[in-house]
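One-letter residues, chain by chain:
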Amino acid sequence: MLKTTVPEAPSLRERKKLQTAQRLWRTAIGLFVERGFDQVSVAEIAAAADVSKMTVFNYFPSKEDLVMRPLEEQADGPAGAVRRRAGGQSALDAIRAHFLAGLEEHDPATGLSDDAAVVQVVRLIFATPALGVRALALSARADELLAEELANQQPGGERLIAQVAAAQLLGVRRALVQANQQRMLAGESAAAALPGARANAVRAFAFAERGLGGYGARPAT
């Protein structure tokens, strides 16, 4: 007889820890937006959140983590979509479906979120070199995770081809995310931008599915 397990509700201690982390994150983002990332110290964040400096570091080992940690927790998203895909479904289909579902939910990972805190984080990353470096490292990590997943699931698991496929698939995804972020930064609502974002995603993934072929060929002279 199969046993089913119901996930346990988080304990009171776990809920309090999550609430503290969220308070620290929102406090830090507010100060960074108001004064600039480089002009705010961890001690000032701790004071504003009414905790000790050590408490901040217990939750976020560095000041950059206060901005980037939530984003870095999403690095496995595309690889996870491939890992969970149904039998017969391609990696491209899995990532496309995952992205389209995220658009419908206005998931920040798709760039299509007009939540004020999310838009503020995007502005901070674009304006702060140290955060930009972390964002590049995050992109590289997502590529690595997806390439590893693709290689592990293929007979023979040729690493180079898996890396090429991961770069192509996540390149499409990144271009779509950036386009959506630009619309949010311009003040457009996520609801109003959704139809266009959805159409762009369908077109972009279809283009990737067909392959480059003769795209970019120079006319014969």
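You'll find the structure just up there.
Since the model is a prediction, treat every value here as computed from it, not as a measurement.

What follows deals with the pattern of salt bridges. The full count for this structure, using the stated rule, is eleven salt bridges. Residues Glu149 and Arg83 are paired through a salt bridge, measuring 3.0 Å at the closest nitrogen-oxygen approach. On the criterion of sequence distance, the pair formed by Glu149 in helix α8 (residues 129-153) and Arg83 in helix α5 (residues 77-83) is long-range, its members being 66 residues apart. Among the residues examined, Glu149 registers a relative accessible area of 12% and is labelled buried. Among the residues examined, Arg83 registers a relative accessible area of 41% and is labelled partly exposed. Connected through shared salt-bridge partners, Asp65, Glu72 and Arg134 make up one network.

Here we come to a nonpolar patch on the surface. Residues Leu160, Ile161 and Val164 make up a contiguous nonpolar surface patch of roughly 270 Å² in combined accessible area. Tracing the backbone through its elements, the reader meets Leu160 in helix α9 (residues 159-185). On the basis of relative accessible area, Leu160 is assigned to the exposed category, the value being 53%.

With that settled, the discussion passes to the packing of aromatic side chains. Enumeration according to the criterion identifies two aromatic pairs in this entry. On the numbers, 4.7 Å between centres and 55° between planes, the contact of Phe32 with Phe37 is tilted. Classification of Phe32 by relative accessible area gives buried; the value is 1%. The exposure class of Phe37 is buried, given its relative accessible area of 4%. Lying over the aromatic face of Phe37, Lys63 brings its terminal NZ or CZ to 4.5 Å of the ring centre.

How each quantity is defined
- Residues numbered from 1 in each chain as written.
- Predicted model: local features only at pLDDT ≥ 70, side-chain atom pairs only at ≥ 80, totals over all residues.
- Heavy atoms only, no water.
- Salt bridge = Lys/Arg side-chain N within 4 Å of Asp/Glu carboxyl O.
- Helix = DSSP H or I, 4+ residues; strand = E, 2+ residues; numbered from the N terminus.
- Buried < 20%, exposed > 50% of the residue type's maximum accessible area, 1.4 Å probe, protein only.
- Patch = residues over 30% accessible without salt bridge, like charges linked within 9 Å, V, L, I, M, F, W, Y side chains within 5 Å.
- Areas by Shrake-Rupley, 256 points an atom, 1.4 Å probe, with all protein chains shown as cover.
- Phe/Tyr/Trp six-rings, centres within 6.5 Å; stacked < 30°, edge-to-face > 60°.
- Lys NZ or Arg CZ within 6 Å of the ring centre and 35° of its normal.

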